[in-house]
Amino acid sequence: MDIQQHIRQLAQGSATLGVAYVGVANGLLEALAEGSATAEDLAHRTATDAGYVARWADAAYAFELLDEEGGRFSLTELGRAFLRDAPGTAMPMAVQAVLGAHMAERAATFTATGERPGESVLGERESILPLFGPMLEATFGPMFDAHVLPGVPVFSQVDAEGGVAVDLGCGNGWYLRRLARRFQGLRGIGLDAIEENVRQAQRRAEEEGVADRLSFRVGDISHFAVAEPVDLIAMNRAMHHVWADRERVLRVLRDHLKPGGAAVIWEPAWPADRAALRHPSRRGMAFQNLSEHVQGNHFLRPEELADALAGVGLEPEIHRFLEGNEAVVVGRRPA
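A brief report on the enclosed structure follows.

Procedures and definitions
- Residues numbered from 1 in each chain as written.
- Predicted model: local features only at pLDDT ≥ 70, side-chain atom pairs only at ≥ 80, totals over all residues.
- Heavy atoms only, no water.
- Helix = DSSP H or I, 4+ residues; strand = E, 2+ residues; numbered from the N terminus.
- Buried < 20%, exposed > 50% of the residue type's maximum accessible area, 1.4 Å probe, protein only.
- Contact = heavy atoms within 4.5 Å.
- Axes fitted to C-alpha atoms, helices over the stretch in contact; angles between N-to-C directions.
- Parallel < 35°, antiparallel > 145°, perpendicular 65-115°, else oblique.
- Left-handed = near helix turned anticlockwise from the far one by under 90°.
- Nonpolar A, V, L, I, M, F, W, Y, C, P; charged D, E, K, R; others polar.
- Expected span 1.5 Å × (residues − 1).
- Phe/Tyr/Trp six-rings, centres within 6.5 Å; stacked < 30°, edge-to-face > 60°.
- Core = buried A, V, L, I, M, F, W, Y, C linked by side-chain atoms within 4.5 Å.
- Arc of directions from axis to C-beta.
- Salt bridge = Lys/Arg side-chain N within 4 Å of Asp/Glu carboxyl O.

### Here's the deal with unusual backbone geometry
Phi angles above zero are rare outside glycine, and A47 is one such case at about 55°. Residue placement: A47 occurs in the loop between α3 (39-46) and α4 (50-62). Look at A47 and you get exposed, because its relative accessible area is 71%. At E323, a residue that is not glycine, the phi angle is positive and equals roughly 55°. Secondary-structure assignment places E323 in the loop between β8 (315-321) and β9 (326-332). By relative accessible area, E323 is classed as exposed at 59%.

Have a look at this one:
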């Protein structure tokens, strides 16, 4: 295959994800999962504009997300793969493709000026934010269930004691909901700065039957308050966002832990050797780190995080997963 043909194939794949994203963001794919429809009927089902839906249906047909017969559209196997509840759903890939294109444009603009506007850039695309929590859950939830929960002993210890876990920046509550489903004795408090995330988390907890042990409220690392010290405080893919203020943040975590309690920090594991970034499993991390620079952040080596935990008096341990690409660093407060 010559390089031009290879690039054309990459471009077609990107376009497929773009078309899928429009269907995901507007509920079009989910509506078609209920049954075939004309473009006009589909627009009515989803309360969207008929003209846009007609053009989208043509594009989705062209990229084999939809079939058509007698003017009615239905999902293909490929189209069904992007449904939110599909096994191993491809929905996050569609969201990440559009978010990645947005962040690449921002990086291209700010490379000339050096500007790093922070996390506000995530809010510049209105359709992305409502999908952010579901994207994270679909991407990391199965990994959490299969690798992190059985691989980090502190979870079962908190469960055995009927302890309390706090999730800072809980999003749609997926981390605590999965913890509560796995460990029946564990209770949880989720804090997030965005009210819609809190509402979504509480609703999902009620749907899953774990709301009696979980509560969600507006709050963040700067407005962190619990009635008494807790057994576990989790930060998921968030520590690199506050790394510049790490000593204060880690002291806040330490001071809210019981003796013997643990801070549990899950981060992408930035490799010590640049050559490791060439591995296909790490290329996405390298691109995301460029996006993080726009937001004023950068990814961390697990050893950096362990040293910082030790610096505030917590006893660190590093757990690595997925060929070393993911790290959960636990910092225990001495009993």
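### Focus on the environment of G190
Residue placement: G190 occurs in strand β4 (residues 187-192). Residues G190 and D220 lie 30 residues apart in sequence; the distance between their C-alpha atoms is 9.4 Å. Those residues in contact with G190 that lie beyond four places of it in its chain are D167, C170, L176, S215, F216 and R217.

### Section: the packing of helix α6 (residues 91-111) against helix α12 (residues 280-294)
Contact geometry of α6 with α12 gives a least axis separation of 9 Å together with a crossing angle of 60°. The orientation of α6 with respect to α12, classified from their angle, is oblique. When the axes of α6 and α12 are compared, the crossing they make is left-handed. Within the contact between the two elements, α6 uses G100, M103, A104, R106, A107 and F110 and α12 uses F287, L290, S291 and V294. Looking at the contact of α6 with α12 residue by residue, the classes come out as seven nonpolar, two polar and one charged.

### Here's the deal with α6
Its 21 residues give α6 an end-to-end C-alpha distance of 30 Å, which sits within 8% of 30 Å, the value for a rise of 1.5 Å per residue. Three or more residues of α6 are buried, namely M91, P92, A94, V95, L99, G100, H102, M103, R106, A107 and F110. Considering only its buried residues, α6 is in contact with α1 (3-25), α7 (129-151) and α12.

### Topic: the packing of aromatic side chains
Going through the model one piece at a time under the given rule, you end up with nine aromatic pairs. Arranged with centres 5.9 Å apart and planes meeting at 75°, the rings of F140 and W266 form a pair that is edge-to-face. One end of the pair, F140, is in helix α7; the other, W266, is in strand β7 (residues 257-268), with 126 residues separating them in the sequence. The buried category is assigned to W266, whose relative accessible area is 2%. Ring centres 6.4 Å apart and planes at 65° place the aromatic pair F155 and Y175 in the edge-to-face group. Pair noted here: F155 is in helix α8 (residues 154-160) and Y175 is in helix α9 (residues 174-182), with a separation of 20 residues, a long-range link. Accessibility expressed as a relative area gives 1% for Y175, which makes it buried. Members of the aromatic cluster, each reached through a chain of ring pairs, are F140, F144, F155, W174, Y175 and W266.

### As for the nonpolar core
L29, L32, L42, W56, L66 and F82 are the most contacted members of the largest nonpolar core, which has 38 residues in total. In terms of residue count, the dominant contributor to this core is α6 (seven residues). Among residues more than four places away in sequence, those in contact with W56 are V19, V22, G23, L28, L29, L32, L42 and L66. Counting 32 residues, the second-largest nonpolar core is a separate cluster that includes M143, V154, C170 and L214.

### Some thoughts on α3
The periodicity of an α-helix, 3.6 residues per turn, causes residues three or four positions apart to be oriented the same way. Within the span of α3, buried status applies to A39, L42, A43 and T46. The arc enclosing the buried residues of α3, seen along the axis, measures out at 100°, which places them on a common side. What points out from α3, more than 90 degrees from its buried face, is the exposed set E40 and H44. At its buried positions, α3 is contacted by α2 (28-33), α4 and β2 (72-75). Backbone geometry just downstream of α3 places A47 in the positive-phi region, at approximately 55°.

### Brief notes about the pattern of salt bridges
Under the counting rule described, the total for this entry stands at 21 salt bridges. Residues E208 and R181 are paired through a salt bridge, measuring 2.5 Å at the closest nitrogen-oxygen approach. Within this pair, whereas E208 is found in the loop between α10 (195-207) and β5 (214-218), its partner R181 is found in helix α9, the two being separated by 27 residues in sequence. According to the relative accessible area criterion, R181 is partly exposed, its value standing at 37%. For the salt bridge of E303 with R301, the shortest nitrogen-to-oxygen distance reads 4.0 Å. Note on E303: relative accessible area 32%, which makes it partly exposed. Judged by relative accessible area, which is 32%, R301 ranks as partly exposed.

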